[in-house]
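Descriptive structure summary
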Amino acid sequence: MKKNDPIDVAVGILMKDNGDILLAERPAGKPYEGYWEFPGGKVEAGETIEEALKREFMEELGIAIASADPWCGVEFVYPHAHVRLHFYISHDWKGVPQSREGQKFSWQGSIHVEPLLPATIPLVKWIDDIRYPTASGLASQLNAVISTQC
Ligand SMILES: Nc1nc2c([nH]c(=O)n2[C@@H]2O[C@H](COP(=O)(O)OP(=O)(O)OP(=O)(O)O)[C@@H](O)[C@H]2O)c(=O)[nH]1
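Residues numbered from 1 in each chain as written. Predicted model: local features only at pLDDT ≥ 70, side-chain atom pairs only at ≥ 80, totals over all residues.

Observations regarding helix α2 (residues 121-131)
- Within the sequence span of α2, burial applies to P122, L123 and I127. One side of α2 holds all its buried residues, which, seen down the axis, span an arc of 135°. (Buried ≥ 20, exposed ≤ 12 C-beta atoms within 10 Å, placed from the backbone. Helix = DSSP H or I, 4+ residues; strand = E, 2+ residues; numbered from the N terminus. Arc of directions from axis to C-beta.)

Digging into the site of the ligand
- Surveying the vicinity of the ligand reveals 19 residues, the closest of which are E37, G40, G41, K42 and A119.
- Put simply, the parts of the chain that give the shell around the ligand at least two residues each are β1 (7-14), β4 (40-42) and β6 (82-94).
- The class makeup of the residues in the shell around the ligand is 13 nonpolar, three polar and three charged. (Near = placed C-beta within 6 Å. Nonpolar A, V, L, I, M, F, W, Y, C, P; charged D, E, K, R; others polar.)

Observations regarding the UniProt feature "binding site: Mg(2+)" (unreviewed entry) in the protein
- According to UniProt, the positions carrying the feature "binding site: Mg(2+)" (unreviewed entry) are G40 and E60. The annotated residues occupy 21 residues of the chain but converge on a single region, no pair of C-alpha atoms lying more than 8.1 Å apart.
- Looking at the element boundaries, G40 is found in strand β4.
- Those residues in contact with G40 that sit more than four places away from it in its chain are V9, A10, V11, G12, L53 and E56.
- Examined against the element boundaries, E60 turns out to sit in helix α1 (residues 49-61).
- Residue E60 is classed as buried on the basis of its C-beta count, with 20 C-beta atoms lying within 10 Å.
- Among residues more than four places away in sequence, those in contact with E60 are P39, R100 and E101. (UniProt positions renumbered as here; feature names shortened; annotations may be inferred. Contact = placed C-beta atoms within 7 Å.)

A few points about the nonpolar core
- Residues V11, I13, L53 and L85 are the most contacted members of the largest nonpolar core, which totals 28 residues.
- Top element by residues in this core is β1. It accounts for five residues.
- When neighbours within four sequence positions are excluded, V11 is seen to be in contact with F38, G40, L85, H86, F87 and Y88. (Core = buried A, V, L, I, M, F, W, Y, C linked by C-beta atoms within 7 Å.)

What about the environment of V124?
- Of note, V124 is situated in helix α2.
- Counting along the chain gives 13 residues from V124 to I111, while the straight-line C-alpha distance between them is 7.7 Å.
- Once you skip the residues sitting within four places of it in the chain, V124 turns out to touch I111 and L116.

Examining the sheet that holds strand β2 (residues 21-25)
- Sheet architecture is open: three strands sit in the order β3-β2-β7, paired in antiparallel fashion. Strands with a single pairing partner mark the edges of an open sheet, and in this sheet they are β3 (36-37) and β7 (105-108).
- Bridging between β2 and β7 involves four bridges; their strand directions are antiparallel. Across the sheet, residue A24 finds its bridge partner in β7, namely F105. (Pairing = 2+ DSSP bridges.)

Here we look at the pairing of β1
- Taken across its eight residues, β1 has six buried, putting it largely inside the fold.
- As paired strands, β1 and β6 are joined by eight bridges and run parallel to one another. Within the sheet, the bridge partner assigned to A10 lies in β6 and is H86.
- Summarising the sheet, β1 and β4 pair through three bridges and their orientation is antiparallel. Following the sheet pairing, V9 is matched in β4 by K42.

Given below as structure tokens:
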């Protein structure tokens, strides 16, 4: 892999029947510590994105994802990394989130945690269009998002 190649990241949005979704605060020691994100992590060599998603949820939260559907892809360049985020939505998992890395979690209807990771901000608006279809419609995207696919 070349230095500036994007890093693939598997990201999961757990959605309850009432529409609440799970966010996590990035733990101390990671870039953007204290920012809120959807749980997930980097895809390792030889793994599919879905395998990475399941591994990260088990490692970080003790959650077993039974099934998840691919949703949006977002590519974003941070000072520390060029990432390609693969967002999945899951309605089907086992377990209750445990803080295995000292991180905080929050189930949210309307999102009241902040700050959010910059690349994740537009996703919150897009997921509201799914959760609350009468809400404000498709949101504008950040200029810094260089490509998206939903
Ligand atoms: N999990 C997650 N990562 C995100 C989101 N949005 C976003 O920009 N990212 C970026 O994706 C990358 C994920 O890397 P990470 O460091 O959390 O992954 P990891 O758990 O494998 O970390 P590790 O290298 O310490 O094992 C970070 O650069 C992070 O800034 C999001 O909503 N969820």
